[in-house]
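Each chain, written out:
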Amino acid sequence: MPAKKANVHRVFHALGDPTRRLILETLTAGPISVSQLAAPLKMTLAAVVQHLQVLEESGLIRTEKSGRVRTCSLDPAGFALAQQWIADRRSPWEKRLDRLGDLLAEPDEH
């Protein structure tokens, strides 16, 4: 499966599906074959492969083929991209809330 350059839209789109999140949870234990990933899911192998393509295109997983076995593993790049996107938006809001907290903490001069 060809990997495309990860972007934040693809990452959040991939994370938006519960089946893909379940696949990612499974991969936190380590690399696993596609057939092992598919076994507990109530869908066809073809449907699982489609989910894996979305995850790989988003940069959240990598796949590697050795002989007839395709193995999947987590790819930190997609997670780092999502984390940076969130951090970039959180920082300004934290500063605003800190200023609001400072204003509210000032003694009332009435």
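The model shown is predicted, which means the values in this text are computed figures rather than measured ones.

Engineer: Honestly, the nonpolar core in this entry has me stumped. Any pointers?
Structural biologist: The nonpolar side chains of a soluble globular protein tend to be buried, and buried together. Judged by nonpolar contacts, the single largest core of 17 residues is most densely connected at Ile23, Leu27, Leu37, Leu52, Leu55, Ile61 and Cys72. Mapped onto this core, the elements with two or more residues apiece are α1 (8–15), α2 (18–27), α3 (34–38) and α4 (45–58). If we ignore the near neighbours within four places in the chain, the residues touching Ile23 are Leu37, Leu41, His51, Leu52 and Leu55.

Engineer: Explain the sheet that holds strand β1 (residues 32–33) to me, please; I cannot follow it from the model alone.
Structural biologist: Pairing is antiparallel in the open sheet, where 3 strands are placed in the order β1-β3-β2. Of all strands in the sheet, those with a lone pairing partner are β1 and β2 (61–66), marking the two edges. Pairing analysis gives 2 bridges linking β1 to strand β3 (residues 69–74), with the strands arranged antiparallel. Residue pairing for β3: Ile32 is matched across the bridge by Cys72. Each of β1, β2 and β3 touches α2; the most contacted strand, β3, lies at about 90 degrees to it. The strands touched by α4 within the sheet are β2 and β3, with β2 carrying the most contacts at an inclination of about 120 degrees.

Engineer: Looking at this structure, how should I read the pattern of salt bridges?
Structural biologist: Side-chain pairing between opposite charges can occur once the charged atoms of the two side chains come close. For the structure shown, the criterion picks out 1 salt bridge. Close ionic contact of Arg62 with Asp75 constitutes a salt bridge, the shortest N to O distance being 3.6 Å. Here the residue Arg62 occupies a position in strand β2, and Asp75 occupies one in the loop between β3 and α5 (76–105), the gap between them amounting to 13 residues. Owing to a relative accessible area of 16%, Asp75 belongs among the buried residues under this scheme.

Engineer: What is the right way to read the pairing of β2 from this model?
Structural biologist: Every regular strand shows the same layout, with side chains that alternate between the two sheet faces. Across 6 bridges, β2 lies against β3 in antiparallel orientation. Opposite Thr63, over in β3, you have Cys72 as the bridge partner. Where β2 hands over to β3, the hairpin turn is made up of 2 residues, of which Gly67 adopts a positive phi near 70 degrees.

Engineer: Mind showing me how you'd approach the environment of Ile23 here?
Structural biologist: The topology assignment puts Ile23 in helix α2. With 30 residues separating them in the primary sequence, Ile23 and Gln53 have C-alpha atoms 12 Å apart.

Engineer: Looking at this structure, how should I read a nonpolar patch on the surface?
Structural biologist: On the surface, a cluster of nonpolar side chains totalling about 260 Å² of accessible area is made up of Phe12, Trp85 and Ile86. With respect to the secondary-structure elements, Trp85 resides in helix α5.

Engineer: Help me understand the packing of α2 against α4 in this model?
Structural biologist: Angle between the axes and distance between the axes: these two values describe a pair of packed helices. Following both chains from N to C, one finds α2 and α4 inclined at 75 degrees, their axes separated by 10 Å at the closest point. The orientation of α2 relative to α4 falls into the category roughly perpendicular. Here Thr19, Arg20, Ile23 and Leu24 of α2 come into contact with α4, specifically with His51, Leu52, Val54 and Leu55. Taken together, the residues of the contact of α2 with α4 break down into 5 nonpolar, 2 polar and 1 charged.

Conventions we followed
Every residue gets a number counted from 1 within its own chain, in the order that chain's sequence is written. With pLDDT at 70 or above as the cut-off, local features in this predicted model cover only qualifying residues; side-chain atom pairs require 80 or more to be listed or tallied, and sums for whole chains, interfaces and linings still use all residues. Side-chain numbers here rest on the full set of heavy atoms in the structure, without hydrogens or water. Each nonpolar core is a collection of buried residues, namely Ala, Val, Leu, Ile, Met, Phe, Trp, Tyr and Cys, held together in the definition by side-chain atoms within 4.5 Å. Type-normalised accessible area, obtained with a 1.4 Å probe on protein chains alone, sets the label of each residue: buried when under 20%, exposed when over 50%, and partly exposed for intermediate values. Counting from the N terminus, the helices are DSSP H or I runs at least four residues long and the strands are E runs at least two residues long. A contact between two residues is defined here by any heavy atoms of the two lying within 4.5 Å. Each pair of strands is called paired provided DSSP finds at least two bridges between the two strands. Axes here refer to lines fitted to C-alpha atoms; in helices the fit is confined to the stretch in contact. Angles between the N-to-C directions go from 0 to 180 degrees. By convention in these notes, a salt bridge is any Lys or Arg side-chain nitrogen within 4 Å of a carboxyl oxygen on Asp or Glu. Each patch groups residues whose relative accessible area exceeds 30% and which form no salt bridge, using 9 Å between like charges and 5 Å between nonpolar side chains of Val, Leu, Ile, Met, Phe, Trp and Tyr. Areas reported as accessible are Shrake-Rupley estimates using a 1.4 Å probe. Residue values count occlusion only from the protein chains shown. By definition in this entry, angles of less than 35 degrees are roughly parallel, angles greater than 145 are roughly antiparallel, angles of 65 to 115 are roughly perpendicular, and the rest are oblique. Throughout, the ten residues Ala, Val, Leu, Ile, Met, Phe, Trp, Tyr, Cys and Pro are labelled nonpolar, Asp, Glu, Lys and Arg are labelled charged, and all others, Gly among them, are labelled polar.

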